[in-house]
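Structural overview
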Amino acid sequence: MRLHYLQHVPFENPGSILTWAKENGHAITSTQLYQNDALPEQQGFDWLVVMGGPMNIYEEEIYPWLAAEKLFIGEAIAAGKVIIGLCLGGQLIADVIGGKVTQNPYKEIGWLPIQLSEEVRSTPLFSFFPEQPIVFQWHGDTFSVLPEEATCIAQSDACKHQAFIYKKRVFGFQYHLENTPSIIEGLVENCREEMVPDVYVQTPEELLAHPEYIEQNNKWMELFLTKLEKMYREGVL
């Protein structure tokens, strides 16, 4: 299988997703958008991972490559690719499919619980998740409105829309299960100014104090990807 990912800043790579792909012998390619890399042809990959980043989806004047990236994501959806969007990536997908991305009432930064819907936890892709997993959050915006074809599958006290599924093979997550210790350290180092004390904003020390959460999040991501690949190979998606 050929996995391609779009990266927006040097310090946010796919983390444990890359580990899973390498261990399973999948080909990995990337577009470093902050370096103005060219986007690939759609026939050059099977799965697409769209990473997070500190920019917002509507800042095209500052980050002109956002416009081309949105068109590319739309083409990938139309081509029937499996697509996983993380944080900014999920927001970009939501915008492309006709949703709306706005500022969330609260900024979420840190290790915080979400609540998965009972319906999604009854499916093979998400059956191994607890009802309220603790996940890593770092976002101020959210996909506040989703089109009818998209199903919201998770929420939190601070954010109504935490994740969605679109056409059974496109996934948008507000949170990060893929982050490694070095990615979290990079976020703290490069985005510390966003950590203004608030009800759902933890301190840098709190973010870095939970290797057990990182390990658990990575395990959930590995299980999700393994089950997703099985469905993909069986033609279920």
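Further up the page is the structure itself.
Remember, predicted model here, so these are calculated numbers, not experimental data.

Structural notes on empty space enclosed by the protein
All told, the structure shown has 1 cavity of 30 Å³ or more when counted by the stated rule. Looking at the largest cavity, its volume works out to about 30 Å³. If you trace the largest cavity, you find it lined by Phe 126, Phe 129, Phe 173, Tyr 175, Leu 177, Met 221 and Phe 224. For the lining of the largest cavity, the class distribution of residues is 7 nonpolar, no polar and no charged.

Regarding the nonpolar core
Membership of the largest hydrophobic core comes to 41 residues, with the highest contact counts inside it found for Leu 48, Ile 77, Ile 83, Ile 93, Trp 138, Phe 164 and Leu 207. Among the secondary structure elements, those contributing two or more residues to this core are strand 3 (47–50), helix 2 (65–78), helix 3 (88–96), strand 5 (100–113), strand 7 (134–145), strand 9 (163–166) and helix 5 (181–191). Broken down by element, this core gets its largest block of residues, 6 residues, from helix 2. Non-local contacts of Ile 77, meaning those with residues more than four positions away in its chain, are made with Ile 83, Ile 93, Val 96, Ile 97, Tyr 166, Arg 169 and Val 170. Counting 34 residues, the second largest nonpolar core, distinct from the first, contains Ala 21, Tyr 175, Leu 225 and Leu 228.

Regarding the sheet that holds strand 2 (residues 27–32)
Read from one edge to the other, the open sheet built from 8 strands follows the order 2-1-3-4-10-9-8-6, with strand pairing classed as mixed. Two strands lie at the open edges of the sheet, namely strand 2 and strand 6 (115–116), each paired on one side alone. Bridging between strand 3 and strand 4 (residues 82–86) involves 4 bridges; their strand directions are parallel. Bridging across to strand 4, Trp 47 finds its partner in Val 82. Across the sheet, helix 3 lies against strand 3, strand 4, strand 9 and strand 10 (170–173), angled at about 120 degrees from strand 4, the strand it touches most. Contacts between helix 7 (residues 211–233) and the sheet are confined to strand 3, strand 4 and strand 10, with strand 4 contributing the most and set at about 160 degrees to the helix.

A closer look at the pairing of strand 1 (residues 2–7)
One face of the sheet, then the other: side chains in a regular strand alternate in exactly this way. Judged by how many residues are buried, strand 1 sits mostly within the fold: 5 of 6 residues are covered. Both strand 1 and strand 2 contribute to a ladder of 6 bridges, which runs parallel. Bridge pairing in strand 2 places Leu 6 opposite Thr 31. In this fold, strand 1 hands off to helix 1 (residues 16–23), which returns the chain to strand 2; that crossover is right-handed. Here 4 bridges tie strand 1 to strand 3, and the two strands are oriented parallel to one another.

Things to note about the side chain of Ser 156
When you line up the elements, Ser 156 lands in the loop between strand 8 (150–155) and strand 9. Reaching out from Ser 156, the side chain makes a polar contact with the side chain of Gln 162 at a distance of 2.9 Å. Setting aside residues no more than four positions away along its own chain, Ser 156 makes contact with Glu 108, Pro 113, Ile 114 and Gln 162.

Here we look at the pattern of salt bridges
For the structure shown, the criterion picks out 6 salt bridges. With its nearest N and O atoms 2.7 Å apart, the salt bridge here joins Lys 230 to Glu 234.

A look at the side chain of Asn 104
Mapped onto the fold, Asn 104 is located in strand 5. Judged by its relative accessible area of 6%, Asn 104 is buried. With sequence-adjacent residues up to four places away left out, Asn 104 is seen in contact with His 139, Gly 140, Asp 141, Thr 142, Ala 158 and Cys 159.

The rules we used
Residues numbered from 1 in each chain as written. Predicted model: local features only at pLDDT ≥ 70, side-chain atom pairs only at ≥ 80, totals over all residues. Heavy atoms only, no water. 1 Å grid on protein atoms, 1.4 Å probe; cavity = no way out; pocket = protein on both sides within 12 Å on 5 of 7 lines; lining within 4 Å. Points joined across faces, edges and corners; volume = space filled by probe spheres on them. Nonpolar A, V, L, I, M, F, W, Y, C, P; charged D, E, K, R; others polar. Core = buried A, V, L, I, M, F, W, Y, C linked by side-chain atoms within 4.5 Å. Buried < 20%, exposed > 50% of the residue type's maximum accessible area, 1.4 Å probe, protein only. Helix = DSSP H or I, 4+ residues; strand = E, 2+ residues; numbered from the N terminus. Contact = heavy atoms within 4.5 Å. Pairing = 2+ DSSP bridges. Axes fitted to C-alpha atoms, helices over the stretch in contact; angles between N-to-C directions. Right-handed = clockwise from strand over helix to strand, strands pointing away. Polar contact = N/O pair within 3.5 Å; in protein donor to acceptor, adjacent residues only side chain to side chain. Salt bridge = Lys/Arg side-chain N within 4 Å of Asp/Glu carboxyl O.

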